Amino acid sequence: MDQSTAPPVASHSAEKAFSTREEFQANCRDSTMARKPGDPDFVLQYKGCNLVFPFLLSVPEFETFEANEGDVCVATFPKTGQTLMSAIALMVLSDGDVTPLQTGSPLKLKVPYLEMAFPRDGKWDEPIYPVQHLKTIAGPRIYGTHVNANALPAQLLQTAKILYVYRNPKDTVVSLFHFMVSGHRAFGFNGSLADAVEMLLHDQCLFAPFFEHLESFWKLRHQPNIHFVSFEEILNDPRTAIRNVGAFLGRNLNESQLSSIMHHCSFDQMKNNKLADFSEFETIGFIDPKVTPFMRAGKIGNWKKHLTVEMSEKIDAWVNLNFEQRPGLAGLTFQYEPAKNA
């Protein structure tokens, strides 16, 4: 991909672009979620994917979405590397320039989710859909998604350049638990870590089933428009991982550009960047960073500080069962411990 066909780095997050976080917050004011767990329309089973309110509202919008030639789509299960890969992709497409991460609108608005919906003036009767504005952009675009491959438009799977990131399920569930606790107003979750583990194992959490999500993209990994990488691989060797992303996106990055991306997309830099730490969602009631920050640990093996032996063994049994029952996952592995040379 040459410079002339690179996706725009300006935000494109609704019917119009929000140029600043303040403008976003003014339009998407704090609201009380109109649906709660237990309500019949709180969750929708959509093509093998759990869509909860408000994401389920966007189905008519994103199922008619068509990818443009040159589009970049960052696809992940929740809390497995979406924010990190979005930042990397944005900087790669800018040839290592950090400007997109440090100016303008927040990262989550520059790389909007296809399935996201925001309250308009505190109400949900006419939500703001990021995908509506994406549809108005004629050239290449960059966006993200948490839905599995089966739930995405078939045309997108063949046309967009898809960056898929996965993560070991133990670190995933710990990170997802903290996110759901922080977002208790949005998700209605007030349970324990043990409850979150059970939700993951019984396909009841956001965008579950986990293995359905993973397998749906794993079986497409040999397509030339799909780049498959683990969160752990990125942390183990960020320079190589970023170089590979660059090559996939048509960017031959030099050492200086690689170093810039490595530095500005590191956990410490992202955590202290108000345009990358998800904090703009605090004022609309989506998360409460005082409960737990969105950028919390960003490490391999953090699960060992949180999961009990019983929880860990339950996950092991569940993983083994899924690998036995899903031959399509052959060749895929999880890394649960930091690399010895890390």
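In what follows, the structure referred to is the one given above.
### Quick look at the packing of aromatic side chains
For the structure shown, the criterion picks out 18 aromatic pairs. Geometrically, the ring pair formed by F77 and F210 is edge-to-face, given 5.2 Å between the ring centres and 80° between the ring planes. Residue F77 is located in the loop between strand 3 (72-76) and helix 3 (82-93), and its partner F210 is located in helix 11 (residues 210-218); the two are separated by 133 residues in the primary sequence. Note on Y164 and F217: the rings are 4.4 Å apart at their centroids and 25° apart in plane angle, and the pair reads as stacked. Of this pair, Y164 sits in strand 7 (residues 161-166) while F217 sits in helix 11, placing them 53 residues apart in sequence. With respect to class, Y164 is no different from F217; both count as buried. In this structure, R221 packs its charged tip against the face of W218, placed 3.8 Å from the ring centre.

### What about the packing of helix 8 (residues 169-182) against helix 16 (residues 309-325)?
Viewed as axis vectors pointing N to C, helix 8 and helix 16 meet at an angle of 125°, and their least axial separation amounts to 10 Å. In terms of orientation, helix 8 and helix 16 fall into the oblique class. The element helix 8 and its partner helix 16 pack so that their crossing is right-handed. Contacts between helix 8 and helix 16 pair P169, K170 and V173 from the former with S312, I315, D316, W318 and V319 from the latter.

### Quick notes on the pattern of salt bridges
According to the stated counting rule, one finds 10 salt bridges in the structure shown. Two residues, E61 and K135, come together in a salt bridge whose shortest N-O distance is 3.4 Å. With a gap of 74 residues between them, E61 in helix 2 (residues 59-62) and K135 in the loop between helix 6 (130-134) and strand 6 (142-145) connect regions that are remote in the sequence. For the salt bridge of D95 with R251, the shortest nitrogen-to-oxygen distance reads 2.8 Å. Taken together, the residues span a long stretch of sequence, with D95 in the loop between helix 3 and helix 4 (99-102) and R251 in the loop between helix 13 (238-248) and helix 14 (255-264) at a distance of 156 residues. With relative accessibility at 27%, the residue D95 sits in the partly exposed group.

### Some details on unusual backbone geometry
A cis amide bond links F53 with the next residue in sequence, P54, at an omega value of 5°. Tracing the backbone shows P54 in the loop between strand 2 (50-52) and helix 2. Cis peptide bonds are those with omega within 30 degrees of zero, and the linkage from A208 to P209 qualifies with 5°. Relative to the helices and strands, P209 is located in the loop between helix 10 (193-201) and helix 11. One non-glycine residue, K47, lies in the positive phi region at around 50°. Here K47 shows up in the loop between strand 1 (43-45) and strand 2. One non-glycine residue, F207, adopts positive backbone phi at about 60°. For F207, the location among the structural elements is in the loop between helix 10 and helix 11.

Definitions and cut-offs
- Every chain is numbered independently, its residues counted from 1 as its sequence is written.
- Residues qualify for local features only when their pLDDT is at least 70, as the model is predicted, and side-chain atom pairs are given and counted only at 80 or more; totals for whole chains, interfaces and linings, by contrast, use all residues.
- Hydrogens and water are ignored here; the side-chain numbers use all heavy atoms of the structure.
- In summary, the pairing rule links any two rings of Phe, Tyr or Trp, Trp by its six-membered ring, whose centres are within 6.5 Å, and it sorts them by plane angle into stacked for under 30 degrees, edge-to-face for over 60 and tilted for everything else.
- Strands are runs of DSSP state E lasting at least two residues, helices are runs of H or I lasting at least four, and both sets are numbered from the N terminus onward.
- Only protein chains enter the calculation, and the probe is 1.4 Å; a residue is then buried if its accessible area is under 20% of its type maximum, exposed if over 50%, and partly exposed in between.
- Geometrically, a lysine NZ or arginine CZ counts as sitting over a ring once it is within 6 Å of the ring centre and also within 35 degrees of the ring normal.
- Throughout, an axis means a line fitted to C-alpha atoms (over the contacting stretch in the case of helices), and angles, computed between N-to-C directions, take values from 0 to 180 degrees.
- For classification purposes, angles smaller than 35 degrees are called roughly parallel, those larger than 145 roughly antiparallel, those between 65 and 115 roughly perpendicular, and all remaining angles oblique.
- What makes a crossing left-handed is the near helix being turned counterclockwise from the far one by less than a right angle; a clockwise turn instead makes it right-handed.
- Throughout, a contact is declared for two residues whenever any of their heavy atoms are within 4.5 Å.
- The working definition used for a salt bridge is a side-chain nitrogen of Lys or Arg within 4 Å of a carboxyl oxygen of Asp or Glu.

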